[in-house]
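Listed below, chain by chain, are the residues.
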Amino acid sequence: MSQKNRLPEVMIFAGPNGSGKTTVTRMAKTIGVYINADDIKKSNLCSDLEAAQKAEELRESMLETTEDFTFETVLSTDRNLKLLKKAKEKGYFLRCIYVLTDDPEINIARVRMRESMGGHGVPEEKIKSRYQKALKLIPELIKLCDIVHIYDNTTSPYRIFKKRKDTYYHWENKYWSYSDIEKLTGITEYEN
C-alpha cells in the first residue's frame, strides 16, 4: 500500500502500572504524535488529573483529524477501549504492544523504585486493582487490534503472544505456560 493510500494508525503501549511500558516504548518505534500524560505533566507543570485530561483531548483531536498517534495506557477501564473502537470505526489500523509481569508484587516494587528516583508513584492497592482489571480487558483488546504483541517483562521483555490480522502465535516461558496464555488472551487456536 502506498504512503498515500495507507490507513491512519494508532500505536498503543498498554499494561499495568510498573510493567515496564515506558522502558519498552523507548526501545520501539512510535507512530505519529506521541501522547503521554507523564510528559504533559512535566512540560506543563500540571497535576496528574490535568495531564490525563489533556492527553485524552489530544487523542480525541488526533482521531477527529485522522492523524497517526501513539499513546501509553494502563488500560484498566474501558475508556481507552472505547477510543480504540471509535478509531476502528474511522478506518484506523490498530497496533498494540502490551507489557505485563506474572505477579502484581513485581509491579508494586517497580513503582516504589521509580518513585524513589523521582518518578510518579501509584498507591499499592490501586496497582493491585488495576493489574487484575487490565489483564481482564486483554481479550477485548486483541479482538479490536490488527496487530498485538504481548511481552512478559517479569525479568526482561519476552514475547509470549502475537496476533497478526487473524493469525495467532504464542510462546511459553518459565512464567507463562501455554494454558496461562490461553486464559490471558481467550485465544485457543494458534499457528505454532
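Before reading further, recall that the structure is shown in the block above.
Throughout this document, residue positions are counted from 1 along each chain, in the order its sequence is written. Since the coordinates come from a predicted model, pLDDT governs what is reported: local features require at least 70, and pairs of side-chain atoms require 80 or more to be given and counted, while whole-chain, interface and lining totals use all residues. Calculation of side-chain values draws on the structure's entire complement of heavy atoms; hydrogens and water are dropped beforehand.

This part is about unusual backbone geometry. The phi torsion at Leu 75 lies on the positive side, around 55°, for a residue other than glycine. The class for Leu 75 is buried, based on a relative accessible area of 3%. A positive phi angle, near 55°, is found at Lys 165, a position not held by glycine. A run of H or I in DSSP becomes a helix once it reaches four residues, and a run of E becomes a strand once it reaches two; helices and strands are each numbered from the N terminus. Within the secondary structure, Lys 165 sits in the loop between strand S6 (158–164) and strand S7 (167–170). In this structure Lys 165 comes out as exposed when scored by relative accessible area, which is 52%. A simple rule labels every residue: compare its accessible area, found with a 1.4 Å probe on the protein chains alone, to the largest value its type can have, and call it buried under 20%, exposed over 50%, or partly exposed in between.

Two side chains carrying opposite charge are able to pair once their charged atoms lie near each other. The rule for a salt bridge is simple: a side-chain nitrogen of Lys or Arg has to be within 4 Å of a carboxyl oxygen of Asp or Glu. As enumerated under the stated definition, the model contains twelve salt bridges in all. Taking the shortest distance from any N to any O, the salt bridge between Arg 6 and Asp 68 comes out at 2.1 Å. Pair noted here: Arg 6 is in the segment before strand S1 (9–14) and Asp 68 is in the loop between helix H3 (48–64) and strand S3 (69–73), with a separation of 62 residues, a long-range link. Judged by relative accessible area, which is 30%, Arg 6 ranks as partly exposed. Across the pair Glu 105 and Lys 128 runs a salt bridge, and its minimum N-O distance is 3.7 Å. Remark: Lys 128 occurs in helix H6 (residues 124–136) and Glu 105 occurs in helix H5 (residues 104–116); sequence separation between them is 23 residues. Overall, Glu 105 belongs to the partly exposed group, its relative accessible area being 41%. A residue is classified by how much of its surface remains accessible, and Lys 128, at 27% relative accessible area, is partly exposed. Three or more residues are tied together by salt bridges with common partners; here these are Glu 105, Arg 112, Glu 124, Glu 125 and Lys 128.

Ranked by size, the top nonpolar core spans 41 residues in total, and within it Val 10, Tyr 98, Leu 100, Ile 150 and Phe 161 carry the most contacts. Ranked by size, the runner-up nonpolar core spans six residues in total, among them Met 11, Phe 13, Ile 97 and Val 99. Here the nonpolar core consists of buried residues drawn from Ala, Val, Leu, Ile, Met, Phe, Trp, Tyr and Cys, with membership extended through side-chain atoms lying within 4.5 Å.

The complete set of buried residues in helix H8 (residues 178–185) reads Ile 181, Leu 184 and Thr 185. Angularly, the buried residues of H8 cover 80° about the axis, an arc narrow enough to put them on a single face. Contacts are assigned to residue pairs with any non-hydrogen atoms lying within 4.5 Å of each other. Residues of H8 that are buried in the fold lie against strand S4 (93–100), H6, helix H7 (138–144), strand S5 (147–152), S6 and S7. After H8 finishes, the residue Gly 186 shows a positive phi value of roughly 80°. Comment: arc refers to directions from the helix axis out to C-beta atoms.

So, about the state of the cysteines. Our working definition of a disulfide is a cysteine sulfur pair at a distance within 2.5 Å. Tallied over the full model, the rule gives zero disulfides. Free cysteine Cys 96: the closest other cysteine sulfur is in Cys 145, separated by 4.9 Å. Judged by relative accessible area, Cys 96 falls into the buried class, the value being 0%. In this structure Cys 145 comes out as buried when scored by relative accessible area, which is 1%.

Here is the rule: rings of Phe, Tyr and Trp (six-membered ring for Trp) pair when centre to centre is within 6.5 Å. Planes less than 30 degrees apart are stacked, more than 60 are edge-to-face, and the remainder are tilted. In this structure the tally under the stated criterion is four aromatic pairs. Taken together, a centroid distance of 6.3 Å and an interplanar angle of 75° make the contact between Phe 69 and Tyr 92 edge-to-face. In this pair, Phe 69 sits in strand S3 while Tyr 92 sits in the loop between helix H4 (79–89) and S4, placing the two residues 23 residues apart along the sequence. A residue is classified by how much of its surface remains accessible, and Tyr 92, at 1% relative accessible area, is buried. Site record: aromatic cluster; members linked through ring pairs are Phe 69, Phe 71 and Tyr 92. Above the face of the Phe 71 ring, Arg 59 is positioned so that its terminal group lies 4.9 Å from the ring centre. Only when the NZ of Lys or the CZ of Arg is both within 6 Å of the ring centre and within 35 degrees of the ring normal is a charge said to sit over the ring.

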